[in-house]
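A structural walkthrough
For reference, the chains in residue letters:
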Amino acid sequence: MADLDNKDQAEIDPADMEDVEDVEEEETGEDENSKARQLTVQMMQNPQILAALQERLDGLNGSPSGYIESLPKVVKRRINALKNLQVKCAHIEAKFYEEVHELERKYAALYQPLFDKRSNIVKAAYEPTDEECEWKENDEEELTDEMKEKAKLEEEKKDEEKEDPKGIPDFWLTVFRNVDLLSDMLQDHDEPILKHLQDIKVKFSDPGQPMSFTLEFLFEANDFFTNTVLTKTYKMRSEPDESDPFSFDGPEIMSCAGCTIDWTKGKNVTLKTIKKKQKHKGRGTVRTVTKTVPNDSFFNFFTPPEVPESGELDEDSEAVLAADFEIGHFIRERIVPRAVLYFTGEAIEDDDDDYDEEGEEADDEEGEEEADEENDPDYDPKV
C-alpha cells in the first residue's frame, strides 16, 4: 500500500481502463453481481488505479473547499462569533468533567468499604461466612441432588489432601499475569516481590485541589524493600488550551510522579551488575570492571521520566509516558474495580469472546467469497 502516496502513478493507463470496460460489457443477467465483485477485486489489485483513487480521496478529505474564503467579510464576522461560542462550550465542557471527577470521588467512597473487605479476604484478615461464599453458577443443566452431593464429597476430599492456605494466595500476582498490558512489564525477578502485594487503592484529589489521582500499592512486610506503600500520582488537566481551545476533548494526564523505593541491600531488581573486560592499549594487560546498569522490571513503573517545565520530551520519553498513562488509567478504571474477574480470567474471556466473534464473522465472509470465486467459471486466480 506504500504505492498509494506515489503521485507518479496517479494517472491511469488507458490500457487498464480498456480491460475494465471489457469486463463491464460482459455483465449480463444473474452474473452481474458476481462480475461486479470481480471487477472491484481487479481494480483494487491495480496500483495505478489505487494511486489515482488515493489522490482523489486526499483531495476530498481534510482539505478546505475554498467556500469559507469566498464568503463576504460580514459573513466571516458571524463565523468568528460562532467560533467564540464554541470556545465557551469548551469551557463549559471542562466544568462538566470537573463535576464528573467530583462524582467519581463521591462514589469511590461508597466502593471503598467493599474493596477493603475484598482486601481483608485476600490477605486472610477476614474469613467470609458460608452465606457470603455461596455462589450460584448459571449452568445450562440443573444438577440432581445426587450429583451435587457427589461433587461436594469430591471437593472435600481434595481439600483434605491439600494444606489449608490463608486468604487467596498470589491474588494480585495472578491478576498481573492474566492481563497482557501488565504481564508484558513483569520479569521473573518481579514475581517473588509481587507475591507480597496485598491491595491496590485509588485515591482522588481533595475538593478544590488540582485534578489528580493516586494509585497506592500496599505490601506486607518483605525482604525486598522497607516500604509498606508504593505510590504513583497522575496529574490531570480539564481545561481548554488557550492556544488551541478546539482540541479539548476531556481531561488529559499532564504528568505523573512515582516514589522512592527503599530497597534492601542487594535486592534492587531495577538495577543489575555487569562485568566488562578492558585491555590496556600500551601494556596489553586486561582488567575486569564492574558496572551497575538499569534492569527491566515492573518496579520501573514508579520512576517515570520527568516532564520538564517546557513540556518538551524526546521521542523515547514521550513513548514511555504515553504507555505509562495508558497503564495507570487502565489500573484505575478496570483492574481495581474488577480485580476478581481478572483473577479468575472471566474479564479476559469476555474480551476474547468479542474478538472471536469478529474473527468468525470475517472468516465466514472470506469463505463466502472463496465459494463465489470457485463457482464462477470466469474466475482467474492469477488476476
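Since this is a predicted model, take the numbers as computed values, not measurements.

**Notes on the pattern of salt bridges**
- For the structure on display, the rule yields ten salt bridges.
- Between K203 and E216 there is a salt bridge whose closest N-O contact spans 3.6 Å. Note that K203 is positioned in strand β1 (residues 197-204) and E216 in strand β2 (residues 212-219), a separation of 13 residues in sequence.
- The salt bridge partner of R332 is E333, with a shortest N-O separation of 3.2 Å.
- Beyond isolated ion pairs, a larger network of salt bridges with shared partners links E104, R332 and E333.

**Describing the nonpolar core**
- Core analysis: the largest hydrophobic core is formed by 47 residues, its most contacted members being F217, F298, F299, F301 and I331.
- Setting aside residues no more than four positions away along its own chain, I331 makes contact with L182, I200, L215, F217, F301, V336 and P337.

**As for the sheet that holds β1**
- On the basis of which strands lie adjacent, the open sheet formed by four strands has the order β1-β2-β3-β4 and antiparallel pairing. Strands with a single pairing partner mark the edges of an open sheet, and in this sheet they are β1 and β4 (252-257). Within this sheet the neighbouring strands show an average axis-to-axis angle of 20 degrees, counted without direction.
- Here β1 pairs with β2 via seven bridges, running antiparallel. The residue of β2 that forms the bridge with K201 is E216.
- Against the sheet, helix α5 (residues 73-122) makes contact with β1, β2 and β3 (229-237), and its axis sits at roughly 165 degrees relative to β1, the strand it touches most.
- Strands in contact with helix α8 (residues 171-178) are β1 and β2; relative to β1, the strand with the most contacts, it is inclined by about 75 degrees.

Scoring rules and cut-offs
Residues numbered from 1 in each chain as written. Predicted model: local features only at pLDDT ≥ 70, side-chain atom pairs only at ≥ 80, totals over all residues. Heavy atoms only, no water. Salt bridge = Lys/Arg side-chain N within 4 Å of Asp/Glu carboxyl O. Helix = DSSP H or I, 4+ residues; strand = E, 2+ residues; numbered from the N terminus. Core = buried A, V, L, I, M, F, W, Y, C linked by side-chain atoms within 4.5 Å. Buried < 20%, exposed > 50% of the residue type's maximum accessible area, 1.4 Å probe, protein only. Contact = heavy atoms within 4.5 Å. Pairing = 2+ DSSP bridges. Axes fitted to C-alpha atoms, helices over the stretch in contact; angles between N-to-C directions.

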